[in-house]
Structures are given as C-alpha cells and as structure tokens.
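Structural description and commentary
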Amino acid sequence: MSRVAIVTGGTRGIGRAICEQLKADGFTIIANYAGNDDAAQHCEETTGVRCYKWDVGDHQATLAGCAKVAEEFGPVDVVVNNAGITRDGTLHKMTYDDWHDVMRINLGGCFNMSKACFPGMRERGWGRIVNIGSINGQAGQYGQVNYAAAKSGIHGFTKALAQEGAKSGVTVNAIAPGYIDTDMVAAVPDNVLEKIVAKIPVGRLGQANEIARGVSFLCSEEAGFVTGSTMSINGGQHMY
Ligand code: NDP
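Notes on the structure in this doc start here. (Residues numbered from 1 in each chain as written. Predicted model: local features only at pLDDT ≥ 70, side-chain atom pairs only at ≥ 80, totals over all residues. Heavy atoms only, no water.)

1. Side note on the overall build of the protein chain
A tally of helices and strands in the protein chain yields 9 helices and 7 strands. Taken over C-alpha atoms, the radius of gyration comes to 17 Å for the protein chain, in line with the 18 Å a tight globule of 240 residues would show. Once the C-alpha set of the protein chain is aligned to its principal axes, its extents read approximately 50 × 35 × 35 Å. For the protein chain, the residues scored as buried account for 50% of the 240 residues in total. Nonlocal contacts in the protein chain, meaning residues at least 24 apart in sequence, comprise 71% of its contacts between residues at least 6 apart. (Helix = DSSP H or I, 4+ residues; strand = E, 2+ residues; numbered from the N terminus. Rg over C-alpha atoms; globule rule 2.2 N^0.38 Å. Buried < 20%, exposed > 50% of the residue type's maximum accessible area, 1.4 Å probe, protein only. Contact = heavy atoms within 4.5 Å.)

Dropping the structure here:
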C-alpha cells in the first residue's frame, strides 16, 4: 500500500508540481485547496489527483478535512504545508485583516494540519512534514510585514516540531523558495519583477518543479536523518 500524502494548496502553482512529483514517487496524493473549483477540477482531470476543499486557516474545517481523507484513503503519513496567500502593503496601509488573514492561513495552516496529522504519524512511528516557507521569511521584504512574519514563523515552527517528532521517526523540514514562476509572482508588477530577477544570481525565476524536487527528497525514506532543516531553493539570491 502506498503512503498517503496531503499537499495543501495542491491544485495550482508550486503545490500542483509537488503533487505531480510525489505521485510519480509512488505516494497516494490528496490536494487541498481553498475556493478555486475550476483549478481543482482541471487538476483532477489532468493529474488524477483527488482534490478536497477546505480552508487550512480554519481549525475545525482542517480537522474534519483530514479525518475525511484518512477515512477514505487511510492514515496520512506525509503533509506538505504549501497553501499560502499574500496581502501586501506597507505597514501604514496594511489593515488588521491583511495581517490576520496571512497569519491565519500561512502560519495557522501549518498548526492546524499538524494538529490533525502529527499525532498519528508519531503513533505509527513514521511521518514527513514539509513546510513551505519563503526567502522573504528569511530576509524580510518591503511591503510584507505580514507575509515575512508568517513565513519566518514557519521556520521556527519547523525547528520546534522537529524536536517533538525526532524520536518517533517523524521528520519536519522547511523549504524556503526564492521567486518562482507561478500566479502569485505573476501578480507582481512587471517593473518590480524585472528588478527582482536582476538580483537573482542565476538570472531567472525558479520553476515550480524545482521546489517539488526538494520536497520529494525530504519525503523520501533516505531523508530520515534530515530534520529541523530549511532547504533554500532560490537561485543563489539569499545565502542563508
Ligand atoms: P498560488 O497562489 O499559485 O497557489 C496557492 C494555492 O494555495 C492554491 O491552490 C490555493 O487554492 C491554495 N490556498 C490559498 N489559500 C488557502 C487556504 N486558506 N486553504 C487552502 N488552500 C489555500 O501560490 P504559489 O504556488 O506561488 O505558492 C505556494 C506556496 O509557496 C505559498 O505558501 C507561497 O507563500 C510559497 N512561496 C511562493 C513563492 C513564489 O515565488 N511563487 C516564493 C516563496 C514562497 P485556490 O486555488 O482554491 O485559491
């Protein structure tokens, strides 16, 4: 029986590439998403991955969603906390809702998914949790106090939970992507994006499958000695 993996925000962008990679690696994949049913349907039709809708920032909805997945497919051995949003703006323009939504979904989602799946992984003596952080959680970014704080929080969350899982065969790691060519980055104005790309030593945006390859390694049997780490995949932009 193949191991069951949930990829949050798995229907588009980086998450979708992670689903495709982990499926090729032999996992049974469930993609979660928030509300874009068309993208989810397209994902199901083109990848064969089953897609389930719930808001990872909603604690009860996440517990219920994960319980449903476990009931249908079996115990969840792998969680990739990839779902994330931006609500950019300088501090003086940022509303409390902009702050709270990003903290609730980007950081709270990691807590909610881990509450649902980590205890079972520990009991069964094997598990993999991979949290998608960001270069902007490592280095900060103008206009992103909410996003940078949430992503930075993910890196601390990862190191703390790694210590709780280490003796039970559960590894917890993070990946900090640099700028990757997805819808999220397409929302950045062209003139700003040009300046960003100019600062990437390899001279281009990353591709979603380049993040997926890192996730694939961290979810493998062979990565059992890697825990509490952050893998930076950023074209050399920030050497942390
Ligand atoms: P996209 O905006 O392309 O896709 C986001 C995915 O997350 C979608 O599937 C979306 O679902 C889902 N999602 C959003 N909110 C929720 C929620 N509340 N509950 C469940 N699912 C949700 O993002 P990317 O692929 O660009 O980014 C993926 C991750 O990588 C994010 O955490 C992002 O912060 C991080 N990252 C991205 C970088 C980049 O350059 N792109 C750089 C560094 C980090 P739906 O389609 O229904 O909206």
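2. Examining the nonpolar core
The biggest cluster of nonpolar side chains holds 29 residues, and the ones touching the most others in it are Ile-18, Leu-22, Val-80 and Val-215. Secondary-structure elements contributing two or more residues to this core are β1 (4-7), α1 (13-24), β2 (28-33), α2 (37-47), β4 (76-81), β5 (127-132) and α9 (208-218). In this structure, Ile-18 is in contact with Val-7, Val-80, Asn-82, Ile-132, Ala-212 and Val-215, ignoring residues within four places of it in sequence. Counting residues in hydrophobic clusters, the runner-up holds 28 residues, among them Val-69, Val-79, Ile-154 and Leu-161. (Core = buried A, V, L, I, M, F, W, Y, C linked by side-chain atoms within 4.5 Å.)

3. Side note on the pairing of β4
Two faces belong to every sheet, and in a regular strand the side chains alternate between them. β4 sits mainly inside the fold: 6 of its 6 residues count as buried. Pairing of β1 with β4, which is carried by 4 bridges, proceeds in the parallel orientation. Following the sheet pairing, Ala-5 is matched in β4 by Val-78. Here β4 pairs with β5 via 4 bridges, running parallel. Considered in β5, the bridge of Val-80 is made with Val-130. With helix α4 (residues 96-124) bridging β4 and its parallel neighbour β5, the resulting β-α-β unit is right-handed. (Pairing = 2+ DSSP bridges. Right-handed = clockwise from strand over helix to strand, strands pointing away.)

4. A look at the pattern of salt bridges
Tallied over the entire structure, the rule returns 9 salt bridges. When the shortest N-O distance is used, the salt bridge between Arg-124 and Asp-77 registers 3.3 Å. Of this pair, Arg-124 sits in helix α4 while Asp-77 sits in strand β4, and the two are 47 residues apart along the sequence. With its nearest N and O atoms 2.9 Å apart, the salt bridge here joins Glu-210 to Arg-204. Taken together, the salt bridges that share partners define one network made up of Arg-3, Asp-77, Arg-124 and Glu-221. (Salt bridge = Lys/Arg side-chain N within 4 Å of Asp/Glu carboxyl O.)

5. Looking at the site of the ligand
Neighbouring the ligand are 31 residues; Gly-35, Asn-82, Tyr-147, Ile-180 and Thr-182 lie closest to it. One of the side-chain nitrogen or oxygen atoms of Arg-12 is found 2.8 Å away from an oxygen atom of the ligand. In the model, a nitrogen atom of the ligand is placed 3.1 Å from a nitrogen or oxygen of the Val-56 main chain. Relative to its unbound accessible surface of 910 Å², the ligand loses 94% to contact with the protein. Counting residues per element, the ones that place at least two in the shell around the ligand are α1, β2, α6 (145-165) and α7 (183-186). (Near = heavy atom within 4 Å. Polar contact = N/O pair within 3.5 Å; in protein donor to acceptor, adjacent residues only side chain to side chain. Areas by Shrake-Rupley, 256 points an atom, 1.4 Å probe, with all protein chains shown as cover.)

6. Some thoughts on the environment of Leu-193
Mapped onto the elements, Leu-193 comes out in helix α8 (residues 190-198). Residue classification places Leu-193 among the buried positions, given a relative accessible area of 15%. Separated by 14 residues in the primary sequence, Leu-193 and Tyr-179 have C-alpha atoms spaced 9.4 Å apart. The contacts of Leu-193, once residues within four sequence positions are left out, are Val-185, Val-188 and Leu-205.

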